[in-house]
Amino acid sequence: MIETTVMLLIAVPLLFSFLFLGLGKSMYKVLAWAFFVFGVIASVQLVRDGVGVYEITGPDFAMLENVVLVLEVLVILFILAVSAKYKNWPTLVLGIISAAVFAYTFTNAPHAESAVFNIDQFSQVMILIVNIVGTAIILFATGYMDEYEEHRHLNRQRTFYFTMSFFLASMNGLVMADTLGWLFLFWELTTLCSFVLISYNMDQEGIDNGFRALALNLVGGIALSVGIIILALNYDIGTLSGIGIYAGTDATAMAAVALPVALLCIGGFAKSAQMPFQSWLLGAMVAPTPVSALLHSSTMVNAGVFLVVKLVPAFAGSSLGTAIAVYGSFTFVMCSALALSQRNAKRVLAYSTIANLGLIIASAGIGTPLAVAAAIMLILFHAISKALLFLCTGEIEHTIGSRDIEDMAGLIKKAPYLTTLAALGMVSMLLPPFGVLLTKWVSMEAASNNPIVIVFLILGSALTTVYYAKWLGTILSSTMDKYAVHNKRAETYFPLSVLGFSIVVSSVLVFSIYDYFIKPQVEILLNTAPAISGEAGQFTSEIGAFAYAAIFAVLALAIILYLATRSMFTPRMAGYYMCGENNMERDKLMFRNGLCTYDKSNVSNIYLQNTFGENKLTTLGYAISIILIVIALAGGVL
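This text gives an overview of the structure that appears in the document.

Thresholds, definitions, all that
- Residues numbered from 1 in each chain as written.
- Predicted model: local features only at pLDDT ≥ 70, side-chain atom pairs only at ≥ 80, totals over all residues.
- Heavy atoms only, no water.
- Helix = DSSP H or I, 4+ residues; strand = E, 2+ residues; numbered from the N terminus.
- Contact = heavy atoms within 4.5 Å.
- Areas by Shrake-Rupley, 256 points an atom, 1.4 Å probe, with all protein chains shown as cover.
- Axes fitted to C-alpha atoms, helices over the stretch in contact; angles between N-to-C directions.
- Parallel < 35°, antiparallel > 145°, perpendicular 65-115°, else oblique.
- Nonpolar A, V, L, I, M, F, W, Y, C, P; charged D, E, K, R; others polar.
- Buried < 20%, exposed > 50% of the residue type's maximum accessible area, 1.4 Å probe, protein only.
- Pairing = 2+ DSSP bridges.
- Phe/Tyr/Trp six-rings, centres within 6.5 Å; stacked < 30°, edge-to-face > 60°.

Scanning the protein chain from terminus to terminus reveals 27 helices and seven strands. The long-range share in the protein chain, meaning contacts at least 24 apart out of those at least 6 apart in sequence, stands at 79%. About 25,000 Å² of surface is accessible on the protein chain, with carbon and sulfur atoms providing 65% of the total.

Encoded structure:
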């Protein structure tokens, strides 16, 4: 049965992609609903099928291997053609290098005799994320794209839905494939899809950002392919699981594969937009909101951290692992600081995504059973929360006409249900009993033996609290603005509600999720698993305990007090004095400052641009992250 489900998870999304391409716009909502239902049923069925290995041999493998080779050639030709068309020479050079590496691999590397799909608990978790969150995003898009294209005078929805569906098929193949050659094909297909989606608007800004994503991911793809070649030629390793088995033999074997493993990790860093590759994910904001949600939560970026976590047995406890932990934790704190200075909501979410992926990579680098458990759990909880926040941001933009956080003041009165869902997404990133906070706590416990990493994680978590608290306070504030006009479409609010419900359910069932998915997977990777339990409002691990019931009680009490007292207070308008002469005739907001010139008063959150602005921190982040990557390539010797 598992063989059928595996094939359906790749073939059916491909079928939907061609149905979107061939059928008219009137059918898109029907197709999206059907796709969502399939995604839920098929992903749950894979979990019910259990774990196992599906191997393709004989004539079937020969046929599919030829298909894989043709697709790899077509990917390279597309990259070369589009780079030449738009005269993007850096991408063209990288495409030529990719073509040369492919030619060398085809002529020198031993050819596989079978293809293996390895369905373990981690693959099941990823399949659930991709096919439930991913199809929910496509369903949301059917209520979003008409208005989006109307404002921009576009008519490209066939391309949009085709690529989004093709993306999900590629991701399904990526997280199930164990054969490195097939994994690489799916890896490159996601890169190609991201280029098409980011450049969707076909204006100069979109095309430039699409090529940035393509170029940076080609760098990662080249590193990945070189690592695969070294593993195949020098160690006769052709599967992802085979890397961990070989490295787990002894310390000498782990040291021997350190270089190719580091190259594979660099491919993961690029795909997950870690510093210094982060600019491609920031540039993805120019695309429609469903694209941002798909790239930032359920597909593209998760592929990178998926690969790094899968490679844990090859570097756990080594100097390479330490370098990866420091690198990931540095990205976490640096991008959390950069998020603090942003008032564009999608840019805040972009930096937050990069930061949390850095936390996952840091946890993988720590390499203890407790840290690896935290990494896998964080992938799940972060994907759901971030998808909800991105989609809510897109709907907020349609509701008030802005994605500036300062323009969202009083949103709770203008769009109460939408604001409640957005607030739930933010709170789920900050407070217990939601899964993201618990997994962050586990990561910090696991990092307690590494002073550098633990300091970075504490600082990054503190900064995360600040920028989400600012945003949360803004949307829950009260203003004198009139109510906004917005339409509650089922295809928009149903997926938002599903994601919000998933946050609550997954957090309530966090320990059941750990016992069913996480614990067995950590045992597969490291041959042991940490003892984690939660009873009576207390989270307990092998290091210590965290009593979160009190915080949860305070949160519940705050909500009750708000509901009980909200009708007791009536907003009123009061005068103001700005420490100087008010110029009431010109503008009621103008006042004379200490230099006897007029300023306009402004009330907003503090963004500390002069301290945490992009112009202050980005160059420093580039320099330090490149140094850390070089250290990792040198064997992780600090």
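With that settled, the discussion passes to the packing of helix α12 (residues 258-271) against helix α27 (residues 614-633). The contact between α12 and α27 brings their axes to 9 Å, and the two run at 150 degrees. It follows from the interaxial angle that α12 and α27 lie roughly antiparallel. For the pair α12 and α27, the contacting residues are L259, A262, L263, I266 and F269 in the first and I629, A632 and L633 in the second. Per-class residue counts for the contact of α12 with α27 are eight nonpolar, no polar and no charged.

Now for the side chain of T393. Within the secondary structure, T393 is located in helix α18 (residues 369-400). Apart from residues no more than four positions distant in its own chain, T393 is found in contact with A345, K346, L349 and W471.

Once that is clear, we can look at the pairing of strand β2 (residues 115-119). Most of β2 sits out of view: five of its five residues are buried. Residues A115, F117 and I119 of β2 are buried on one face, and the alternating residues V116 and N118, pointing to the opposite face, are buried as well. Of the strand pairs in this sheet, strand β1 (residues 52-56) and β2 are connected by five bridges, and their pairing is antiparallel. Residue pairing across strands places V53 opposite N118, the latter belonging to β2.

What follows concerns the packing of aromatic side chains. Tallying each qualifying case throughout the model produces 26 aromatic pairs. A centroid spacing of 6.3 Å and a plane angle of 15 degrees characterise the contact between F61 and W182, whose relative ring orientation is stacked. With F61 in helix α3 (residues 58-85) and W182 in helix α8 (residues 180-198), this pair connects stretches of sequence that are 121 residues apart. The buried category is assigned to F61, whose relative accessible area is 6%. Looking at W182, the relative accessible area reads 8%, which means it is buried. The interplanar angle of 75 degrees and the centroid separation of 4.9 Å between the aromatic rings of Y516 and F517 together place this pair among those described as edge-to-face. On the accessibility criterion, Y516 (47% relative accessible area) is partly exposed. Taking the relative accessible area as the measure of exposure, F517 reaches 12% and is therefore buried. Linked through ring pairs, F20, Y28, F160, Y161 and Y200 together constitute an aromatic cluster.

All quantities given are derived from atomic positions and should not be read as evidence of function.
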